[in-house]
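# Examination of the molecular architecture
Chain residues, written in single-letter form:
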Amino acid sequence: MLESLQKNAEKALSELQNVTDTTSLKEWRSQNLGKESVIMQTLGNLGGLPTSERPVIGRQANNIRQNLETAFQKRIDQLRDSASETLPTASLDVTLPGRPVQHGRLHIVTQTMRRIYAIWADMGFQIYRSPDVETDEYNFELLNIPKHHPARDMWDTFHTDTPGIILRTHTSPGQIHAMREYCPNPIRVILPGMCYRYEQITARSEIQFNQVEGLAIGQNIRFTDLKGTLSDFARRMFSANTATRFRASHFPFTEPSAEMDVECFLCSGGGCSVCKHTGWLEILGCGMVHPTVLENGGYNPREFTGFAFGMGPERITMLKYGIKDIRYFWGNDLRFLEQF
Ligand code: DAH
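Here the residue numbers are simple positions, counted from 1 along each chain's written sequence. Local features in this predicted model are restricted to residues of pLDDT 70 or higher, and side-chain atom pairs are both shown and tallied only at a pLDDT of 80 or more, whereas totals for entire chains, interfaces and linings draw on every residue. Excluding hydrogens and water, the side-chain figures rest on all heavy atoms present in the structure.

## Some details on the overall build of the protein
Heads up, the condition is: Here a helix means four or more residues in a row that DSSP labels H or I, a strand means two or more in a row labelled E, and each is numbered from the N terminus. The globule rule is 2.2 Å times the number of residues to the power 0.38, and the radius of gyration it is compared with is taken over C-alpha atoms. Any residue under 20% of the maximum accessible area for its type is buried, any over 50% is exposed, and the rest in between are partly exposed; the area is computed with a 1.4 Å probe on protein chains only. Whether two residues touch is decided by their heavy atoms; if any such pair falls within 4.5 Å, the residues are in contact. Neither His nor the chain ends is counted toward charge; the positive residues are Lys and Arg and the negative residues Asp and Glu. Note on charges: their place is set at NZ of Lys, CZ of Arg, CG of Asp or CD of Glu.
Counting secondary structure elements, the protein contains eleven helices and nine strands. Its C-alpha atoms give the protein a radius of gyration of 36 Å, clearly above 20 Å, the size a compact globule of 340 residues would have. Looking at the 340 residues of the protein, the share that counts as buried comes to 41%. A sequence separation of at least 24 residues applies to 68% of the contacts in the protein between residues at least 6 apart. Of the charged side chains in the protein, 36 are positive and 38 negative; the average position of the first set lies 3 Å away from that of the second.

## Some words on the pattern of salt bridges
Our working rule: We define a salt bridge as a side-chain nitrogen of Lys or Arg found within 4 Å of a carboxyl oxygen belonging to Asp or Glu.
Considering all chains together, one arrives at 14 salt bridges under this definition. Across the pair K11 and E15 runs a salt bridge whose closest N-O atoms are separated by 3.7 Å. Of this pair, K11 and E15 both sit in helix α1 (residues 2-16), separated by four residues, roughly a single helical turn. Overall, K11 belongs to the exposed group, its relative accessible area being 51%.

## As for the pairing of strand β9 (residues 305-311)
Note the following rule: Here, any two strands with at least 2 DSSP bridges between them count as paired.
Burial runs high along β9: five of the seven residues are buried. When strand β8 (residues 280-289) meets β9, the two strands line up antiparallel, connected through five bridges. From the neighbouring strand, G287 faces β9, where its bridge partner is A308.

## Comments concerning the site of the ligand
Rule in force here: Being near a molecule or strand, for a residue, comes down to having at least one heavy atom within 4 Å of it. Two N or O atoms form a polar contact when they lie within 3.5 Å of each other; inside protein one atom must be a possible hydrogen donor and the other a possible acceptor, and for residues adjacent in sequence the pair counts only when both atoms belong to side chains. Each residue is assigned to one of three groups, with Ala, Val, Leu, Ile, Met, Phe, Trp, Tyr, Cys and Pro labelled nonpolar, Asp, Glu, Lys and Arg labelled charged, and all others, Gly among them, labelled polar.
For the ligand, the set of nearby residues contains 16 residues, the closest of which are H170, S172, R197, Q211 and E213. At 2.9 Å, a side-chain N or O of R197 approaches an oxygen atom of the ligand. Contributions of two or more residues to the shell around the ligand are made by β5 (208-218), β8 and β9. Residues of the shell around the ligand, tallied by class, amount to six nonpolar, eight polar and two charged.

## Some remarks on the domain arrangement of the protein
Reports often express the size of an interface as the amount of accessible area lost when the parts come together. Inclusion rule: What marks off one domain from the next here is an automatic or database domain assignment.
Looking at the protein, the domain boundaries give domain 1 (2-85) and domain 2 (108-337). Summarising the inter-unit geometry, the C-alpha centres of domain 1 and domain 2 are found 72 Å apart.

## Details of the packing of aromatic side chains
Note the following rule: Planes of paired rings set the category: under 30 degrees apart is stacked, over 60 is edge-to-face and the rest tilted, where pairs are Phe, Tyr or Trp rings (Trp by its six-membered ring) whose centres lie within 6.5 Å. Charge-over-ring placement is defined geometrically: NZ (Lys) or CZ (Arg) within 6 Å of the ring centre, and within 35 degrees of the ring normal.
Tallying each qualifying case throughout the model produces 15 aromatic pairs. Ring centres of W120 and F309 lie 4.6 Å apart, and the angle between their planes is 20°; this geometry places the pair in the stacked category. One end of the pair, W120, is in helix α5 (residues 108-122); the other, F309, is in strand β9, with 189 residues separating them in the sequence. Both residues of the pair, W120 and F309, belong to the buried class. Here the aromatic rings of F251 and F253 are separated by 5.8 Å at their centres, their planes lie at 25°, and the arrangement is stacked. The pair F251 / F253 is uniform in exposure class, with both members buried. By the ring-pair criterion, three or more aromatic residues cluster together here, those being Y321, Y328, F329, F336 and F340. Over the aromatic face of F72 sits the side chain of R29, whose NZ or CZ is 5.4 Å from the ring centroid.

## A few points about the side chain of E314
With respect to the secondary-structure elements, E314 resides in helix α10 (residues 313-321). Buried and unpaired, E314 has R315 as its nearest opposite-charge partner, separated by 10 Å. The residues contacting E314, other than those within four sequence positions of it, are V109, F209, N210, I326 and F329.

Quick look at the structure:
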């Protein structure tokens, strides 16, 4: 038995010297060292041999296997060396430009948000972060939206298994966190972040999206401050002569409430399909902070006033670049992402 193993190995080793390419190298390996090979079969069946023969044959077969393995590795190296020797050295052109490094980029919505942050920073507003997972109390009640209030229908909510713990439906609860932290000092903050709504996903709505909330609290802050500041924001964000208009609206946490439109920057107010032929684009909700909300934040509404606003960076991005479908932002399609 040992003799035939030895003979087999010798034959394999001499065949190996004739192997010159990787395909036949692989074949050689599976034939001589694979599961079905003589040597591996012998090693696998050692248990069936008489006890007296087992150690001798076992040791010998192992040696043979190792020799084949070593020879195989050596052959790989030899073939690799001879391949690089045959490379035509003259064609190595060191003046060729290097391979370009692929640059990553910021997501288009991140770019928009950073632009929004920079504008508000210039106007003295700091970024204030508040949690994505909120209580019903912060998301609704402290914002003047009691249980069963019809205004809750504006925000279809994701609830967790823990009663009273939800995913925030807007960034407005951050107003209460900021007020409770800074009271009785004046406040100028923006509160950016993800919001979640249990909605049907369509071209116009997603179940998660960003908002940038803003809050200014102080003495003698008036509606004219709100209008002036937000109009200034629009001019910085869109262009120096962007016109704005304010339409009366309703939010439970502001009184009075408004929606701000900017003149359509695609048709300059002339009317087009993006502005639905009105010449105006709605970009944010705003208002004077409701006295009850001020009180919930710790401020005396007879002494302090303030304004707040909330905008959707995805929406602003869609308007600005003529993006027709909000789902592109999360679609992870490089053909979309690489355009910005
Ligand atoms: N939280 C509102 C929403 O998600 C947006 C909003 C409107 C925020 C008016 C405000 C505001 O701060 O004053 O629809």
